Amino acid sequence: MDARYKSREIERRSLDVDGLKRSFLEWLVYSVGKDARAATRRDWFHTVALAVRDRLVDRWMDTTRTYYQQDAKRVYYLSLEFLIGRLLTNSLSNLGINDQCREALDRIGLNIDDVVEAEPDAALGNGGLGRLAACFLDSMATEALPGYGYGIRYEFGLFEQRFENGWQVEYPEQWLQFGNPWEFPRPEVLYPVQFYGRVEEFRDSVGERAYRWVDAERVLAMAYDTPVVGYGGDTINTLRLWSARATRDFNFGHFNDGAYMKAVEQKVLTENLSRVLYPNDATEGGKELRLKQEYFFTSASLQDILRRYLQHHSNFDSLPDKAAIQLNDTHPAIGIAELMRLLVDQHGVLWDKAWDITRATFSYTNHTLLPEALEAWPVRMMERVLPRHMQIIYEINAKFLNRSKARAAGDNGRLSRLSLIDERGDRRVRMGNLAFLGSHKVNGVSALHTELMKQTVFADFHAEFPDRINNKTNGITPRRWLHQANPPLAALITSRIGNGWIKDLGQIKALAEKADDVVFREEFRRAKRKNKKRLAAYIARQTGVDVQVDSLFDVQVKRMHEYKRQLLNILQAIALYNEMRDNPTVAWVPVTKIFAGKAAPSYHMAKLIIKLINDVAKVVNHDPSVHDNLKIVLLPNYNVTAAEIIMPAADLSEQISTAGMEASGTGNMKLALNGALTIGTLDGANVEIREHVGEDNIFIFGLTADEVNDLRASGGFNPREVIASNPSLKRALDMISTGVFSPDDPNRYHPILQALTDGGDHFLVTADFADYCEAQQAAMDLYRDQEEWTRKAILNTANMGWFSSDRTIMEYATEIWDVHPVKPEHPTDTDR
Ligand code: F58
Ligand code: PLP
């Protein structure tokens, strides 16, 4: 190799301060096209990202090559959402060059934090489900698992939330506006995806009945690859996102007059497919574009997976030994029918064999039991959009019901519940049933949720296939959520137990013995205080409200949803406000209530609750009679970047969903790992958090899932009686209903009050209110004793090791996927 070229090559990969600095200056000029005087922060962000990207490309290719050469079994994580957030700090710290980069920028006269701030937050997801997918990518790469993420490259991520006069207003989130330095477009990786048309029957070469899908519309799926850096930088996996392109017929066709403009319009419409993420965190009832998005990315991903498989194999017998496909909820469940179609129609595999291969390849994760969130596509829509798939689904269903008929012994109710088609009303395809039937394993995301799956939505399937349902309690990546987001605490932990915890979070257990060490407690508090100062400054910038750093930071951050019960929290805030006003001479523990979360744009009740929180905040924050002992803030535009500032600063973590309704929660894990004490119901993973941190170190209140079930079944709950017998609740509700918080429109909150009374209080806000207030009181009392509070906070951090997504992902790898770590070979490392 030419010596000059080689030295440039080495420089490109050098990880020391000088090499980084030289790269930055070169990239700024030659790729971003600016000189240092004219460069904006965003220019510097692009510069640094491109230079860092150089340093991971070799290892990325090494990783891919190793998987290929070893024909390793890969796992494919199919997800309509990846809520990744920013990538710069993540790449730097997983490559281990954070300090060098800071120093290199410092020498140029730049602060790395300003550069980091210029990166847009990639919000290709709604909430917990999308963020879990992002944590899993990090864990797969860190555990050296050959794992690929497949999804959609939405041009518009989750909307930006602003408050106008206290109401939520949505703005488009244009994260790609200035380009994305992390992605590699792959214009040559292009697959056709079809819609509409009809199915033709014919006789194949041996005279068997066969089918082909004809007269369909075609869209192309084009790949964009983003490297996923594992901790230490050894393994660099791939996230492949698909973007819709009109077919090349458009480019090469020639048109006359009107036809040209029609064709252009058609091209734009076609490419709308990957334009925008649906912003609902419940369900998208029957939206055709949503169904098309699901099929689009699933079909492209499956074609890509089969292409890769066929590089080493000439038939499909060993597909399940080489590929595990995980369905992140039912959004990609159409993949089961699509793989059947590809195998049977396109590759001539016999039906029964194709079905065995399909089932052995797929597995499915369920994330919710809420009936409105279980996907069910109208049969008529499916017949129109995906006619061949509808036929295949009928065929799967017929074979399955035939087999089950014998065992159901005349129990027609059972058969109709097992059916893939819901025959009640307009007929619908139950995607959960399809996902269950087409998978060899089906999992829930916390112990309680998995039990409830067995008892409720999948009870009949569980009886039919008792070994199929298993539990995989969620986890979170300690890299992003402790090492990167909380530098003061991370440094303190490392100073005492070394840095092994970053890759093996179980080691953090060693902190438990330090809970009794006064000096350590003081340092732990200092780290928390630093994070609280940072959050206080952020709150002031975002809302204009000044909060006391030494007040109890009581945090509820998550999507706005009635089952998550932000309403319960704000009612307690009103009650506390009243108590403080009634008893001005008491030395109150100062409390700052911090909320953040987006409501689905069409979810009116959730948006009304947002307005209520803002209205209550306005009154409370301006009332001198509470002497600043209570502040309420609702931070706008909750996303991963905001979460990284909030989680490390929380004292109290609100996990107060109606028991039985939150499948797991992952925010609960992030907060506890960062030393917040949980106030929560026995719901989702809170149950397991209690087991790990110990019941003395968590505030549990409220009805259990069984009690909720019994209460609803007995019909014996009357919210009006509960309200009448609780003066503080009654007073809070009266204040809302008489317009104390909405003098301009006293009736504004009528729908909320209505839901709590005549509506029967479905989410049991009133039923849990008294117990919740008691738990809040216990938390405030404990907070007075800072030594005791800190001791418990430390025990929370120390006992959260099990909730690493590394643990979760290794459980999937061994118990569902049968995928094993593969160490990449790095031949170029010698000249590093
Ligand atoms: C969440 N689901 C669960 N769905 O609510 C939460 O308990 C769990 O911790 C998390 O998954 C991870 O397992 C969730 O976030 C969605 O956002 C979907 C978006 C698309 C429409 C249906 C809901
Ligand atoms: N949204 C964001 C930005 C998050 O970081 C998380 C998890 O931490 C969630 C949503 C999910 O929160 P929860 O588990 O409380 O619903």
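How each quantity is defined
Residues numbered from 1 in each chain as written. Chains lettered and ligands numbered in written order. Predicted model: local features only at pLDDT ≥ 70, side-chain atom pairs only at ≥ 80, totals over all residues. Heavy atoms only, no water. Near = heavy atom within 4 Å. Polar contact = N/O pair within 3.5 Å; in protein donor to acceptor, adjacent residues only side chain to side chain. Areas by Shrake-Rupley, 256 points an atom, 1.4 Å probe, with all protein chains shown as cover. Helix = DSSP H or I, 4+ residues; strand = E, 2+ residues; numbered from the N terminus. Nonpolar A, V, L, I, M, F, W, Y, C, P; charged D, E, K, R; others polar. Buried < 20%, exposed > 50% of the residue type's maximum accessible area, 1.4 Å probe, protein only. UniProt positions renumbered as here; feature names shortened; annotations may be inferred. Pairing = 2+ DSSP bridges. Axes fitted to C-alpha atoms, helices over the stretch in contact; angles between N-to-C directions. Contact = heavy atoms within 4.5 Å. 1 Å grid on protein atoms, 1.4 Å probe; cavity = no way out; pocket = protein on both sides within 12 Å on 5 of 7 lines; lining within 4 Å. Points joined across faces, edges and corners; volume = space filled by probe spheres on them. Salt bridge = Lys/Arg side-chain N within 4 Å of Asp/Glu carboxyl O. Patch = residues over 30% accessible without salt bridge, like charges linked within 9 Å, V, L, I, M, F, W, Y side chains within 5 Å. Phe/Tyr/Trp six-rings, centres within 6.5 Å; stacked < 30°, edge-to-face > 60°. Lys NZ or Arg CZ within 6 Å of the ring centre and 35° of its normal. Expected span 1.5 Å × (residues − 1).

> Quick question: what am I supposed to make of the site of ligand 1 here?
Around ligand 1, a shell composed of 19 residues is seen, among which Ala282, His367, Asn474, Glu662 and Gly665 lie nearest. Between ligand 1 and Asn474 there is a distance of 2.8 Å, counted from an oxygen atom to a side-chain nitrogen or oxygen. Within the side chain of Glu662, a nitrogen or oxygen atom sits 2.6 Å from an oxygen atom of ligand 1. Bound to the protein, ligand 1 loses 91% of the 520 Å² it would expose on its own. Of the residues forming the shell around ligand 1, the biggest block, 3 residues, is contributed by helix H7 (residues 128-142). Tallied by class, the residues present in the shell around ligand 1 amount to 6 nonpolar, 9 polar and 4 charged.

> Mind showing me how you'd approach unusual backbone geometry here?
Only a minority of non-glycine residues have a phi that is not negative, and only a minority of peptide bonds are not trans. Phi is positive for Asn165, close to 55°, though the residue is something other than glycine. A relative accessible area of 59% places Asn165 in the exposed class. Positive phi, close to 55°, is recorded for Asn637, a residue that is not glycine. Looking at the secondary structure, you find Asn637 in the loop between strand S21 (630-635) and helix H25 (640-646).

> Hey, could you run me through the UniProt feature "modified residue: N6-(pyridoxal phosphate)lysine" (unreviewed entry) in the chain in this one?
Mapped onto the present numbering, the UniProt feature "modified residue: N6-(pyridoxal phosphate)lysine" (unreviewed entry) falls on Lys670. Following the sequence through the fold, Lys670 ends up in helix H26 (residues 667-673).

> Is there a simple way to explain the sheet that holds strand S17 (residues 441-444) in this structure?
If you trace the 9 strands from one edge of the open sheet to the other, you get S7-S10-S11-S4-S1-S12-S13-S17-S18, paired in mixed fashion. Looking along the sheet, the strands with just one partner apiece sit at the ends: strand S7 (184-195) and strand S18 (469-471). The average undirected angle you get between the axes of adjacent strands in this sheet is 25°. As defined by bridge partners, strand S1 (residues 74-78) adjoins strand S4 (residues 147-152) across 4 bridges and the pair is classed as parallel.

> Please clarify how the side chain of Gln326 should be interpreted in this entry.
Position of Gln326 among the secondary structure elements: in strand S12 (residues 323-328). By relative accessible area, Gln326 is classed as buried at 0%. At a separation of 2.8 Å, a polar atom in the side chain of Gln326 contacts the side chain of Thr365. Setting aside chain neighbours within four positions, we find Gln326 in contact with Tyr76, Tyr77, Leu78, Ser363, Tyr364, Thr365, Asn443, Tyr812, Ile816 and Trp817.

> Quick question: what am I supposed to make of the layout of surface pockets here?
In this approach, a probe sized like a water molecule rolls over the atoms, and the result shows the empty space that is left. Of the volumes computed, that of the largest pocket is approximately 1500 Å³. Lining of the largest pocket is provided by 46 residues; of these, Arg86, Thr89, Val116, Glu117 and Glu644 occupy positions nearest its centre. Mapped onto the lining of the largest pocket, the elements with two or more residues apiece are helix H4 (88-95), helix H5 (98-108), helix H6 (112-117), strand S5 (160-164), helix H20 (478-484), helix H21 (487-497), helix H22 (518-543) and H25. Residues of the lining of the largest pocket, tallied by class, amount to 17 nonpolar, 14 polar and 15 charged. Estimated volume of the second largest pocket: approximately 890 Å³. Elements with a minimum of two residues in the lining of the second largest pocket: helix H17 (431-437), helix H18 (447-455), helix H19 (459-464) and helix H28 (705-714). At 5 residues, the largest contribution of residues to the lining of the second largest pocket is made by H28.

> What am I meant to see in the environment of Glu788 here?
With respect to the helices, strands and loops of the structure, Glu788 is situated in helix H33 (residues 786-798). Along the backbone, Glu788 and Asp516 are 272 residues apart, and their C-alpha atoms lie at a distance of 9.4 Å.

> How should the sheet that holds strand S19 (residues 552-557) be read in this particular structure?
Strand pairing in a sheet takes place through backbone hydrogen bonds and is either antiparallel or parallel in direction. One open sheet accounts for 6 strands, arranged S21-S20-S19-S22-S23-S24; its pairing is parallel. Bordering the open sheet on either side are S21 and strand S24 (699-700), each of which pairs with just one other strand. Relative to strand S20 (residues 591-596), helix H23 (residues 566-582) is tilted by about 155°, and along the sheet it contacts S19, S20, S21 and strand S22 (652-655). Packed onto the sheet, helix H24 (residues 604-621) meets S20 and S21 and runs at close to 145° relative to S21.

> What is the right way to look at the pattern of salt bridges in this model?
In the structure shown here, the tally under the stated rule is 64 salt bridges. Put simply, Arg496 and Glu523 hold a salt bridge, and the shortest N to O gap is 2.5 Å. Residue Arg496 is found in helix H21, and its partner Glu523 is found in helix H22; the two are separated by 27 residues along the sequence. Between Asp734 and Lys730 there is a salt bridge, with the nearest N and O atoms lying 2.8 Å from each other. Of the two residues, Asp734 and Lys730 both sit in helix H30 (residues 727-737), 4 residues apart, roughly one turn of that helix. Since its relative accessible area comes to 33%, Asp734 is described here as partly exposed. Take Lys730: its relative accessible area is 36%, and that puts it in the partly exposed class. Connected through salt bridges with shared partners, the residues Arg186, Asp225, Arg240, Asp304, Arg307 and Arg308 form a single ionic network.

> Would you take a moment to explain a nonpolar patch on the surface for this structure?
Taken together, Phe255, Tyr260 and Met261 make up a surface patch of nonpolar side chains, about 300 Å² in accessible area. Note on placement: Phe255 falls in the loop between helix H8 (248-252) and helix H9 (258-271). What makes Phe255 partly exposed here is its relative accessible area of 34%.

> Help me understand the side chain of Gln194, please; the structure alone is not making it clear to me.
Along the polypeptide, Gln194 turns up in strand S7. Beyond its immediate stretch of four places on either side in the chain, Gln194 contacts Trp213, Ala216, Glu217, Arg218, Tyr295 and Leu386.

> I would appreciate a short explanation of empty space enclosed by the protein in the present structure.
Under the defined criterion, the tally for this structure stands at 9 cavities of 30 Å³ or more. In this structure, the largest cavity occupies an estimated 960 Å³ of space. Mapped by element, the contributors of at least two residues to the lining of the largest cavity are H7, H25 and H26. By residue number, the principal contributor to the lining of the largest cavity is H7, which donates 4 residues.

> Before we go on, may I ask you to explain the packing of aromatic side chains in this structure?
One pair of aromatic rings is described through two measures. These are the centre distance and the angle between the planes. This model, assessed by the stated rule, comprises 25 aromatic pairs. Pairing Trp213 with Tyr295 gives two aromatic rings, centres 6.3 Å apart and planes at 50°, and the pair type is tilted. Residue Trp213 is located in strand S9 (residues 209-214), and its partner Tyr295 is located in helix H10 (residues 288-310); the two are separated by 82 residues in the primary sequence. On the basis of relative accessibility, which here comes to 10%, the residue Trp213 falls in the buried class. You can call Tyr295 buried: its relative accessible area is 1%. Plain terms: the ring middles of Phe436 and Phe458 are 5.2 Å apart, the flat faces sit at 40° to each other, and that makes the pair tilted. Residue Phe436 is found in helix H17, and its partner Phe458 is found in the loop between H18 and H19; the two are separated by 22 residues along the sequence. Here Phe436 and Phe458 have matching classes, each one buried. Members of the aromatic cluster, joined through ring pairs, are Tyr364, Phe400, Phe436, Phe458, Phe461 and Phe465. Here the guanidinium or amino end of Arg162 rests over the ring plane of Tyr171, the centre of that ring lying 3.8 Å away. Above the plane of the ring of Trp802 lies Arg807, whose end atom (NZ or CZ) is 3.6 Å from the centre.

> How do you make sense of H22 when you look at a structure like this?
Every α-helix carries 3.6 residues per turn, so stepping three or four residues along brings you back to the same face. Its 26 residues place the ends of H22 36 Å apart at the C-alpha level, agreeing with the 38 Å of an ideal helix rising 1.5 Å per residue. Those residues of H22 that sit buried are Phe520, Arg521, Phe524, Arg525, Ala527, Lys528, Asn531, Lys532, Leu535, Ala536, Tyr538 and Ile539. The N-capping residue of H22, defined by a side-chain oxygen 2.9 Å from the backbone nitrogen of Val519, is Asp517. In the segment just after H22, Gly544 is the residue with positive phi, at about 80°.

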